[in-house]
Structures are given as structure tokens and as C-alpha cells.
Amino acid sequence: MRARSRVTGRNGPGSVLRLPSARIAVGVLVAIAFLAVFGSALAPQNPLAINSDALFQGPGSHHLLGTDYLGRDVLSRLMAGTRLSVLTALEAVGIGLVLGAIPGVATVFMGSSVDFAVNRVSDALMTLPYIFFAVAVTAALGNGLPQAMIPVGILLAPPFFRVTRAATLEHARAQYVEAAELLGASRLHVVRVHVLRKVLPNIAVTTATITAAALLAVSFLTFLSIGVQPPTPTWGGILSSDLAYLAQDPWAPFIPAALIAVTVGALNALADAFRDRAHAGRLVIADPIIRTDLSLEGADGDRQPQAAA
Amino acid sequence: MTAISLTRGDAGAAGAARPRRRRGRAALAAIGGGLAVLVPIVFLSTFITYSLGALSNSNPAATILGQDAATPAAVARLDNALGLNQPLVVQYWNWLAQAVHGNLGRSYFTQIPVSQSIAQRLPVDLSIAILALILAVFIGGTAGTVAAIRRGGWFDRGVTIVASAVTTLPAFVVGILLVVLFAVSAHVFPANGYVPPSAGLGPWLSHIFLPSLALSLAVSADIARQLRTSLVQVLEQNYIVGARVRGLPYRRILFRHALRNAAGPALVILGYDFPQVLAGAVAAEAVFSLPGLGQLLLPSAQTRDIPVVQGLLLVISVVVIVVNLVVNATLNWLYRTGGGVGA
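Cut-offs and rules
- Residues numbered from 1 in each chain as written.
- Chains lettered and ligands numbered in written order.
- Predicted model: local features only at pLDDT ≥ 70, side-chain atom pairs only at ≥ 80, totals over all residues.
- Helix = DSSP H or I, 4+ residues; strand = E, 2+ residues; numbered from the N terminus.
- Buried ≥ 20, exposed ≤ 12 C-beta atoms within 10 Å, placed from the backbone.
- Contact = placed C-beta atoms within 7 Å.
- Expected span 1.5 Å × (residues − 1).
- Bend = angle between axes of the 7 residues up to and from the residue.
- Axes fitted to C-alpha atoms, helices over the stretch in contact; angles between N-to-C directions.
- Parallel < 35°, antiparallel > 145°, perpendicular 65-115°, else oblique.
- Nonpolar A, V, L, I, M, F, W, Y, C, P; charged D, E, K, R; others polar.
- pLDDT = per-residue confidence, 0-100.
- Core = buried A, V, L, I, M, F, W, Y, C linked by C-beta atoms within 7 Å.

The subject of this paragraph is the overall build of chain A. Of regular secondary structure, chain A possesses 12 helices and 0 strands. Listing every helix and strand of chain A by position from the N terminus yields α-α-α-α-α-α-α-α-α-α-α-α. With 309 residues in all, chain A has 52% of them scored as buried. In chain A, the share of contacts with a sequence separation of at least 24, taken over all contacts with a separation of at least 6, comes to 71%.

Written out as C-alpha cells, the structure reads:
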């Protein structure tokens, strides 16, 4: 019992917080989550209020981060814009997680033809750039950020699928799984007790990385003003209007850029912390998108590096 | 290392359970040069692309005819002419057959052939994306190699920090910041616009340099980190020590033996990042006001000009697939001539 708690103490999710970088990252993310929930309520001023007397003001006591081209308070707009940016990013991550991780575990147990088929679907999805698809889907389903993030979520599923499948494969053929099966454990029991628990750290790493990617995608789409109507503040939308008025205020883009960078940086740091703690790093794979060398799958098991000469 | 440990796991499980089927599949993959893998991918991604348009609940015939002329009879006639009353799979097949011959249909609104509009704009994005890849290989390759050789030194630590910082910003934000630094403040490069290479190599390069640099930084960071990791592993291998013992010059060991074996994973990263580089090119267009595919995609999506959107997605997926095939061929060549990727 004591040994077990020591092991979970070292490898459990809570222990990640012992790393200083992870603590900072979690702190930043909690703050962003807080802004996402309460941001528009706590904004010091009305983010939509236009003030023609105070255009392009620098940071000051009245406007902490200055004002934009319509005299609107930048800090309030950033705070109010957090919710839409964060929620739609999480929407895409949720879709990707469900569509990627569940098949990633399941296909390992479903025979090679299912495995082959699902792998090809995953490969095909990886050849489709999600930004283009998000734009295209707004053509098909109507102009809305939540709609645009559905294809982003679907196209973010392959990384989840590959990581989960690789981790599941490793654990599913471990000797203790074989032993459990010999003792009569059902497949569901094996998945639940022996596989899922050990795959979770890898999924956690991927979730953090993919959330960062989704946030970048959201800022990208809102920057192209896809899915949002102009007065609604979003991180990308603020950047886009800053870009239009660079001549008046060249340093304005640095504020929203810093907010995006800090959030994405925190997610990346969290992913690194998970990776260090869970030793899951080697399963975050760099496998070619199109694997024409399936014939090598069997052959490279014992390949050793050799000198070229 | 990473790539190998996965494929090895792959093969182990499939092989232990079903050796016969695996051998059959291996033969298939070998015969068709990966056709067994490639064909489903091409059909799947093109089908997804095509059905996206069909998913749209808009009524193209009514859109084309306009509100006044859209009588049910006229709509039915146009549907028939456009082939929109056929089953989706039939429509898809006809579309693909035409696409293979270079015919992507015409825009619903301007009646300009889609292939013509794309051919006009694709060179802009391709030149940005390809220059970005070249810059990324150069910047990332140099940084990763030097960091691996001087492991633990200040350059190594610097690369790690800069690489982490760079990947926190989307390419278009980097682009905006570059515009502020180099174009608005310092006037070193033009802030916007595009001139084709026919107008001279210098002006062309100076117009695409900043967007390409913006796109290349995140890829450079990925390449530098991956190359550093695998090169550090390779440099510890016995055959490198052996080569040094035999007295080969270090430069030759590095380029002929170490880099060749360590380059694989970095190359895979390049294939991974390419779709994002292309997507980034669209954002870079917006930042630098370039007449590229994004300027075609965004308005077409807003007006639901489905043939244009479908054609664009098709061309982009094909470009991504081709780039990944090149990456794969290079990987296979590295495997064959170099032995293995730091495995």
C-alpha cells in the first residue's frame, strides 16, 4: 500500500504541480479560465463603447492598455473576448479528443482490417489543412465560429488517434495484460484497468498540445473575421483591427499577441511537464503522414544504425 | 528514434497476431509503391472535400438564377444541367474525373473556370511556402546541429528558449510583428504587395521574404528541436566513436554519418508542418496584402461559391499529399543509404 502511494505520488497527475514551470503554467491557465467565465462581467469599461475623443490612446490611468481606433478600451475588449476564443478552442479539442482517443483505443482490439481502415481515414484527414476546411465549412454550414470549429475538431482527431493507438498498442501486448487475460479478465476490464489508466498521461500531453493548436486556429479564424460579427471582441479580431491601423499605433498588436503567446506558452509548458512526469515523450510521435513504407513495419524491428561508409 | 519505436510497436502487434495478412499487405505496399495506402487517402480526402459542398443546404441553382428567375421549373432545369440531381457518389465521380483532366468547373457567379483562378493565385502561396520551407531547413538545421554539437552550452540553451517562445505565436502574428519591426519602423523590406518573379528576382524575393520568414520560424523551431534530439542520440552511437577512432575528419563524420542518420525525424516534422505552412500562407496574404489563394477562398466561402471552394481544397490537399510523398521518398532514401534514423 505504501509502495503504491509512493508510485502514484511520483507519477500521478498531482505530482506534475511540483515542477515550478508547471505551477506557473497552471496559474496562467486558471487566470485565463477565470477571464473566460467572468471576463465580460469584470471588464472595467464597456468593451463596445465608442469614444471618438479618445482614439489610439496609449496605456494610461483611465485606459490601462490604451484604446483602439474607435476609442474602445483595449483591456476590456481583451477580457470580454476571452470567452469566445477559449470556448471555441475547447469545443474543437473536445471533438478531436472523442473522435481520436476512443478509436485509438478501440481499433487495437478490433482486428487488422478495421485498424487498417481507420488508419487510412486518419491519414486522409491529416492531408487536409484545418484552416482551409474551417473556412470552407462556413460556406457550407453558415458563418459562425462554433460551426467553423467543428471541422477543426475533426481534423485535430488524427494526432489524438495516433498517440492513443501507439500507447494502447504498447500496453495491450504487455505481459501483465496477457496474464490478466489468462486469468479470465474480460476485454472491457483489460481496457479499463490496464490500458486506459496508462494511456491517460499520453492523452493529457496531446490534449495540452492540441489545445494550444486549437487556440492558434481560433485566433487565426477570428483574425480572418470568420464566424464573428465586427463589434464582438475576440483575440484575433483585435489583432486584425490593430493591423489595419498600424500607421497610427504600430505597437498595438503586441498586446493581444502577448496574451495569445502567454496562453499558448502555458499550454506547451504544461504539456512538457506532463511529458517529463509521465515519460510519455517518446510516444508523441513523429510518424510520416503518408506511410507508404508499411512493408518496413515488419522489417525495421531489428534495424540497427550503421555507418554509411 | 520516435518514428521507429512506433512502427516497431505497430509491426510487433500486427505481426504477432496476424503474420499472413501482414505479409500480404507488405507485398502489396511494396508492389504498388505504397498504392494500397495512397489510393484510399486520395479518394477519402477528395471525397470529404467534395461532400463538403454537397453538405451545404444552399440551393446552388436558385443562387445562380437569382431570386426573380428561380421558378421551380428553372431550378430543376439548371439542377439537371449541373448534374445536381444525381446521387452524391455519381456527382463526386464525375467531378473527380473532370478534375483529373484539369477541369474544376466554373464559379457559380463569375463563370470564370476555377482552375484558371487557382492557377493565377497558387504561385503566390507556393513561392511563400517553399521559400519558408527552405528558410526553415536552413535556420532550423543550422540551429539544431550547432546546439547538438555544443550540447549544454549557451547556444544550446538559447535555441531551446527561442524555439519554445517562437512556437507560442501563430505565423500571422509573427508576420505582423515583422511588419512593425522591418517595414514600418525600419523600412528594410516592403510591407505589402507582390511582384511575380518575371519582374525580376530581387523585387520578387524582397516581397516574399518577410511573409516566408514569418511562416518559417515555427517550423524552424520544430526542426531545430527534433534535429537536436536525434543528433545528440546519433553522436553517442558506437559507429560515430568508431569513425572518430579511425581518424576521419569531424566535418565528414558530421555530414556523411551523423546528420544523414539524424535527419529523418526532422524531415517527418517538415511533412507534418507543411499543411500549416500553407494555411499560414493564407493568413500571411492578409497581413502582407498578397493576391493569393486566401483572397479567392474567403470571398467564395462567404458567397457560397461551392465549385471554387471545392476546387481550392482539392488543389491544396493534392499539394500536401505530393509534398508528403516527396518527404517519404527522401526518408526511404535516407533509410536505404544511411541505415536508420538514430534508432
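All names here are of chain A. For helix α9 (residues 187-223), which comprises 37 residues, the first-to-last C-alpha distance of 47 Å sits more than 12% below the rise-based estimate of 54 Å (1.5 Å per residue). The largest bend along α9 measures about 45 degrees and falls at L196. Most of α9 is tucked away: 26 of the 37 residues are buried. Downstream of α9 by one or two residues, S225 has phi in the positive range, about 50 degrees.

Right, let's get into helix α8 (residues 175-182) of chain A. With 0 of its 8 residues buried, α8(A) lies for the most part at the surface. Once α8(A) ends, the next one or two residues include G184(A), with phi positive near 95 degrees.

What follows covers the environment of D123(A). All names here are of chain A. For D123, the location among the structural elements is in helix α4 (residues 112-126). Residue class for D123 comes out buried when judged on the 24 C-beta atoms lying within 10 Å of it. In the structure, D123 is positioned 38 residues away from S85 in sequence and 28 Å away in space, judged by C-alpha atoms.

Residue and element names in this part refer to chain B. The contact between helix α12 (residues 250-288) and helix α13 (residues 294-303) brings their axes to 9 Å, and the two run at 95 degrees. Between α12 and α13, the crossing angle belongs to the class labelled roughly perpendicular. Along its contact with α12, which presents V282, E285 and A286, the element α13 presents G294, Q295 and L297. When the residues that make up the contact of α12 with α13 are grouped by side-chain class, the tally is 3 nonpolar, 2 polar and 1 charged.

What follows covers the confidence of the model for chain B. All names here are of chain B. Per-residue pLDDT for chain B averages 76, and the proportion of residues at 70 or more is 79%. Here residues 1-18 scores under 50 on pLDDT; set against residues more than four positions off or in separate chains, the count is 45 contacts. For residues 339-343, every residue scores under 50 in pLDDT, and the model assigns this stretch 27 contacts once sequence neighbours within four places are set aside. If you check the scores for this complex, the pTM reads 0.78 and the ipTM reads 0.73.

Now for the nonpolar core. Residues A134(A), A214(A), A217(A) and A284(B) are the most contacted members of the largest nonpolar core, which totals 170 residues. Residue contributions to this core peak at 23 residues, all from α12(B). Ignoring sequence-local partners within four residues, the contact set of A214(A) consists of A89(A), A92(A), V93(A), V152(A) and L156(A).

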